[in-house]
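# Notes for the structure review
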Amino acid sequence: MIKLNLLFVVSSLLFSCKTAPAQTPELKESIARGAAVYDEFCMSCHMPDGKGVSEVYPPLANSDYLMKKRQESIKAVKYGLSGEITVNGVKYNSAMAALGLYDDEVADVMNYILNSWGNEDGKIVTVAEVSKIEP
């Protein structure tokens, strides 16, 4: 009886766990390139762990904004951002300058942040998608 109960508990845990979306080789390569872009352009404000600076620079880690506002997020990386936004229930109103990134760099860094620090998007941001974003 104990073995049966243990089997039930283990199988329940296995089937109830959320699995991360599978990453294609193309997405994995983009994420790796995006990590380098992040280190060079984003880390000084959003920190190595993506948690940002409280009340100054919003977190990218476990970010509801990134997950719900994909186009706005791409636009912010491509053209900069000013004005108030709300991330994880906290309001931010700092300006983010345009970084001067090429569309492929924007796509790569977006793929990195959308699949890091608790964000699990799994859908690749393409250069074609980035090129369609207008100011």
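Our subject is the structure that appears above.
Residues numbered from 1 in each chain as written. Predicted model: local features only at pLDDT ≥ 70, side-chain atom pairs only at ≥ 80, totals over all residues. Heavy atoms only, no water.

## Here we look at the pattern of salt bridges
Going through the model one piece at a time under the given rule, you end up with 5 salt bridges. For Arg70, the salt bridge goes to Glu129, with nearest N and O atoms at 2.8 Å. Of the two residues, Arg70 sits in helix H5 (residues 70–79) while Glu129 sits in helix H7 (residues 127–131), which places them 59 residues apart along the sequence. Look at Glu129 and you get buried, because its relative accessible area is 17%. Lys78 serves as the salt-bridge partner of Asp103, at 3.3 Å between the closest nitrogen and oxygen. Of this pair, Asp103 sits in helix H6 (residues 103–113) while Lys78 sits in helix H5; the two residues are 25 residues apart in sequence, bridging distant segments of the chain. Taking the relative accessible area as the measure of exposure, Asp103 reaches 24% and is therefore partly exposed. Beyond isolated ion pairs, a larger network of salt bridges with shared partners links Arg70, Asp121 and Glu129. (Salt bridge = Lys/Arg side-chain N within 4 Å of Asp/Glu carboxyl O. Helix = DSSP H or I, 4+ residues; strand = E, 2+ residues; numbered from the N terminus. Buried < 20%, exposed > 50% of the residue type's maximum accessible area, 1.4 Å probe, protein only.)

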